[in-house]
Protein chains: 2
Amino acid sequence: MNKIYVVGIGPGGREQMTERAAEALKASDVIIGYTVYVDLVKDNFSDKEFLTTPMKRETERCVMAFEEAMKGKIVSMICSGDAGVYGMAGLMYEIGVRYPEVELEIVPGVTAALAGAAVLGAPLIHDFCLISLSDLLTPWEKIEARLLGASQADFVICLYNPSSKKRHDYLQKACDLMMRYKAPETVCGIVANIGREGEAGRVMSLKELRDTPVDMFTTVFVGNSQTKEINGKMVTPRGYRNV
Amino acid sequence: MNKIYVVGIGPGGREQMTERAAEALKASDVIIGYTVYVDLVKDNFSDKEFLTTPMKRETERCVMAFEEAMKGKIVSMICSGDAGVYGMAGLMYEIGVRYPEVELEIVPGVTAALAGAAVLGAPLIHDFCLISLSDLLTPWEKIEARLLGASQADFVICLYNPSSKKRHDYLQKACDLMMRYKAPETVCGIVANIGREGEAGRVMSLKELRDTPVDMFTTVFVGNSQTKEINGKMVTPRGYRNV
């Protein structure tokens, strides 16, 4: 059998992985991933063979996984958070067309939106959108349309990849777009280093968020019209009527 | 110390829980939840005290948790999936205002969107929205505006609570709204009984989805314009350029 598990390891270390994810890693001969993620699990699965590729070499990493599986090894391809949310699961299916002998099993994990929400309180209790501000593979016009559409329809919005060296003003641009429909007082929050050392959350208004510098390890949450701050936590009610 | 863990146990049994969630349950004296969820964990934590309330008695369940914590017990309030996604975390903060002595810790879990996506393949790789079709606490006009806004902006859409006895035609209505902007051929999928006995996924077009009966234990996925079917799996590419 040629088998690859595509495993979401959650936001941080071993304790944030599901039992099912840990079992997949245990059952594997080789674990493949981006260097930083491999380092997160290495100590707990030290009897395994580890293969890494740097960031932005995703296609190469997928091909590596299939080539190892074709040798008869059981492979785990690991991703931070969930492999199915801005992760490698899709690319694995696309490249997998060339390797019909290999069976893929996707093992879900806790994505940064969920883990970050737990740090801030309960911002994602009602309908929400995930939007990545990275325009590497998506035209900015598309991102802009999503920010506007989601704001107009009063979704809670969670932003991935809010910033990078080349895109230092993207969060500011996004806040300006959202403020066309969301009030400047809308309750927002940011979480840095989710599930890792230095994890820190902060609740603020949309207006403040606009002028807050964030890095690529930060996840951003923008409330809906009902979201409130309760004792420093960001809380979205279950609906639009009183509980 | 008066402490309550609000714990997302994932979609099914013990193996889909994170280690952190299992540790929270282990550390607790009493585990509180909706009867069905308590039954999912009872066997693995048989030394605990269990308290249950039926569905739709959420406020009562939260008050029960705080009252137990006030007795000095460590309490876990459990939710299926993630406690922060249409779960109890928000209501716990709202009711918690009356119990300032009690510390809340939210422990995230794998919500049905992520677990269902893993069954279907990789539908949520790019920007997506979660929308609940339940109009119990949300006016239908709001749900309608979200379906339209999300479709127009080409989000992948995941629908929770697509149907119930009283709302048997809501998915049909939702599909008609989405088809104002999404092509009838858009790749969609449904997953029943995620993470439980009888788990089953099926990939189909949006046009077919419109006429497919679903029950309240089904989660629905509607692709974006780039989503494709690859060997029976639902796969959304990472962006709008070739990989």
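Residues numbered from 1 in each chain as written. Chains lettered and ligands numbered in written order. Predicted model: local features only at pLDDT ≥ 70, side-chain atom pairs only at ≥ 80, totals over all residues. Heavy atoms only, no water.

*Asks:* What exactly am I supposed to notice about the overall build of chain A here?
*Replies:* On a plain count of helices and strands, chain A comes out with eight helices and 13 strands. Here chain A has a C-alpha radius of gyration of 19 Å; the compact-globule value for 243 residues is 18 Å, and the two agree. By the burial criterion, 60% of the 243 residues in chain A qualify as buried. Intrachain contacts of chain A at a sequence separation of at least 6 include 69% that bridge at least 24 residues. Surface accessibility of chain A: about 9400 Å² in total, with carbon and sulfur atoms responsible for 47%. Measuring between centres, the 28 positive side-chain charges of chain A sit 3 Å from its 31 negative side-chain charges. (Helix = DSSP H or I, 4+ residues; strand = E, 2+ residues; numbered from the N terminus. Rg over C-alpha atoms; globule rule 2.2 N^0.38 Å. Buried < 20%, exposed > 50% of the residue type's maximum accessible area, 1.4 Å probe, protein only. Contact = heavy atoms within 4.5 Å. Areas by Shrake-Rupley, 256 points an atom, 1.4 Å probe, with all protein chains shown as cover. Lys, Arg positive; Asp, Glu negative; His and termini not counted. Charge placed at Lys NZ, Arg CZ, Asp CG, Glu CD.)

*Asks:* Sorry, what's going on with the relation of the copies chain B and chain A here?
*Replies:* The two chain copies are connected by a rotation around an axis plus a translation along it. For the pair chain B and chain A, the best superposition has an RMSD of 0.0 Å and corresponds to a rotation of 180° with a translation of 0.0 Å parallel to the axis. Both copies are brought into coincidence by an operation consistent with a two-fold rotation axis. Taken together, the interface assignments show that 100% of the residues at the interface of chain B recur at the interface of chain A, consistent with an identical surface on both copies. (Least-squares fit on C-alpha atoms with pLDDT ≥ 70 in both.)

*Asks:* Honestly, the side chain of B:Thr186 in this entry has me stumped. Any pointers?
*Replies:* Along the polypeptide, B:Thr186 turns up in the loop between helix H7 (170-178) and strand E9 (187-192). Excluding anything up to four places from it in sequence, B:Thr186 contacts B:Met204, B:Ser205, B:Leu206, B:Val222, B:Gly223 and B:Asn224.

*Asks:* Looking at this model, I keep getting lost on a nonpolar patch on the surface. Mind explaining?
*Replies:* Judged by side-chain polarity, A:Met55, A:Met216 and A:Phe217 come together as a nonpolar surface patch covering roughly 310 Å² of accessible area. Along the chain, the position of A:Met216 falls in the loop between helix H8 (206-210) and strand E11 (218-222). (Patch = residues over 30% accessible without salt bridge, like charges linked within 9 Å, V, L, I, M, F, W, Y side chains within 5 Å. Salt bridge = Lys/Arg side-chain N within 4 Å of Asp/Glu carboxyl O.)

*Asks:* Quick question: what am I supposed to make of unusual backbone geometry here?
*Replies:* Comment: phi is negative for the bulk of residues other than glycine, and the bulk of peptide bonds are trans. Its identity is not glycine, yet A:Asn231 carries a phi of approximately 50°, on the positive side. On the secondary structure map, A:Asn231 appears in the loop between strand E12 (228-230) and strand E13 (233-235). A positive phi angle, near 50°, is found at B:Tyr86, a position not held by glycine. By the element assignment, B:Tyr86 lies in the loop between strand E4 (75-79) and helix H4 (89-96). Take B:Tyr86: its relative accessible area is 23%, and that puts it in the partly exposed class.

*Asks:* Hey, could you run me through the pattern of salt bridges in this one?
*Replies:* Side chains that carry opposite charge are capable of pairing whenever their charged atoms lie near each other. Residue and element names in this part refer to chain A. This structure, assessed with the given rule, holds 34 salt bridges over all chains. Between Lys 26 and Glu 23 there is a salt bridge, with its nearest N and O atoms 3.3 Å apart. Note that Lys 26 and Glu 23 are positioned in helix H1 (residues 19-26) at a spacing of three residues, about one turn of the helix. What makes Lys 26 partly exposed here is its relative accessible area of 45%. In this structure Glu 23 comes out as partly exposed when scored by relative accessible area, which is 40%.

*Asks:* Just checking my understanding: could you explain helix H6 (residues 140-152) of chain A for this structure?
*Replies:* Because the α-helix completes a turn every 3.6 residues, residues three or four places apart line up on one side. All names here are of chain A. A rise of 1.5 Å per residue sets the reference length of H6, with its 13 residues, at 18 Å; its end C-alpha atoms lie 18 Å apart and thus fit the reference within 8%. Regarding H6, the residues found buried are Trp 140, Ile 143, Arg 146, Leu 147, Leu 148, Gly 149, Ala 150 and Ser 151. On its buried face, H6 sits against strand E7 (128-132), strand E8 (156-160) and helix H7 (170-178). Remark: Asp 154 follows H6 within two positions and exhibits a positive phi of approximately 60°. (Expected span 1.5 Å × (residues − 1).)

*Asks:* How should I be thinking about the interface of chain B and chain A in this particular structure?
*Replies:* It is common to give the size of an interface as the accessible area that goes away when the parts come together. Taken together, the contacts link 63 residues of chain B with 63 residues of chain A. When chain B packs against chain A, the two sides together hide about 5600 Å² of surface, and 62% of this comes from carbon and sulfur. Among the residues chain B hides against chain A, the three largest losses belong to B:Leu137, B:Arg146 and B:Arg238. Together they make up 13% of the total. Linking chain B with chain A are 12 salt bridges. Run the count over chain B and chain A and you get 34 residue pairs in polar contact (both at pLDDT 80 or more). Taken together, the elements giving at least two residues each to the side of chain B that touches chain A come down to helix H1 (19-27), H4, helix H5 (112-120), strand E6 (121-122), strand E7 (128-132), helix H6 (140-152), strand E12 (228-230) and strand E13 (233-235) of chain B. (Buried area = accessible area lost by both parts, 1.4 Å probe. Polar contact = N/O pair within 3.5 Å; in protein donor to acceptor, adjacent residues only side chain to side chain.)

*Asks:* Explain the confidence of the model for chain A to me, please; I cannot follow it from the model alone.
*Replies:* A low pLDDT means the predicted coordinates there should not be read in detail. In the predicted model, chain A carries a mean pLDDT of 94, and the fraction of residues at 70 or more is 99%. Interface scoring of the predicted complex returns ipTM 0.96; its pTM is 0.97. (pLDDT = per-residue confidence, 0-100.)

*Asks:* Help me understand the sheet that holds E12(A), please; the structure alone is not making it clear to me.
*Replies:* Strand-to-strand pairing in sheets goes through backbone hydrogen bonds, with the strands running parallel or antiparallel. All names here are of chain A. Strand order in this open sheet of three strands is E6-E13-E12, and the pairing throughout is mixed. Taken across any chain shown, the strands that pair with only one partner, and hence form the sheet edges, are strand E6 (121-122) and E12. Looking at chain direction, E6 and E13 are connected through two bridges and run parallel. Looking at E13, one finds that Ala 122 is bridged to Val 235. (Pairing = 2+ DSSP bridges.)

*Asks:* Help me out: how do you make sense of the sheet that holds strand E5 (residues 102-107) of chain A in this one?
*Replies:* Residue and element names in this part refer to chain A. Pairing in this open sheet of five strands is parallel, and the strands run E3-E2-E4-E1-E5 from one edge to the other. Among the strands making up the open sheet, the edge pair consists of strand E3 (49-53) and E5. With direction set aside, neighbouring strand axes in the sheet form an average angle of 20°. When strand E2 (residues 30-34) meets E3, the two strands line up parallel, connected through five bridges. (Axes fitted to C-alpha atoms, helices over the stretch in contact; angles between N-to-C directions.)

*Asks:* How should the packing of aromatic side chains be read in this particular structure?
*Replies:* The relation between two aromatic rings is expressed through the spacing of the ring centres and the mutual angle of the planes. Residues and elements named next belong to chain A. In the structure shown here, the tally under the stated rule is eight aromatic pairs over all chains. Centroid distance Trp 140 to Tyr 170: 4.9 Å. Interplanar angle 55°. Geometry classified as tilted. Taken as a pair, Trp 140 in helix H6 and Tyr 170 in helix H7 lie far apart in primary sequence, 30 residues in all. There is no split in this pair, since Trp 140 and Tyr 170 are both buried. (Phe/Tyr/Trp six-rings, centres within 6.5 Å; stacked < 30°, edge-to-face > 60°.)

*Asks:* Sorry, what's going on with the pairing of E9(B) here?
*Replies:* On any regular strand, side chains alternate: one points to one face of the sheet, the next to the other face. Residues and elements named next belong to chain B. Of all six residues making up E9, five are buried, and the element is well covered by its neighbours. Summarising the sheet, E9 and strand E10 (residues 200-205) pair through six bridges and their orientation is antiparallel. When the sheet's bridge partners are listed, Ile 190 is paired in E10 with Arg 202. Bridge count between E9 and strand E11 (residues 218-222): five bridges; the pairing is antiparallel.

*Asks:* Please explain the nonpolar core as it appears in this structure.
*Replies:* If you look at soluble globular proteins, the nonpolar side chains tend to sit buried side by side. Ranked by internal contacts, the top residues of the largest apolar core, which has 52 residues, are A:Leu147, A:Leu209, B:Leu147 and B:Leu209. If we ignore the near neighbours within four places in the chain, the residues touching A:Leu147 are A:Ile131, A:Leu133, A:Trp140, A:Ile157, A:Leu159, A:Ala174, A:Leu177 and A:Met178. If you look at the next biggest cluster of nonpolar residues, it comprises 38 residues, including A:Val156, B:Val156, B:Val187 and B:Val203. (Core = buried A, V, L, I, M, F, W, Y, C linked by side-chain atoms within 4.5 Å.)

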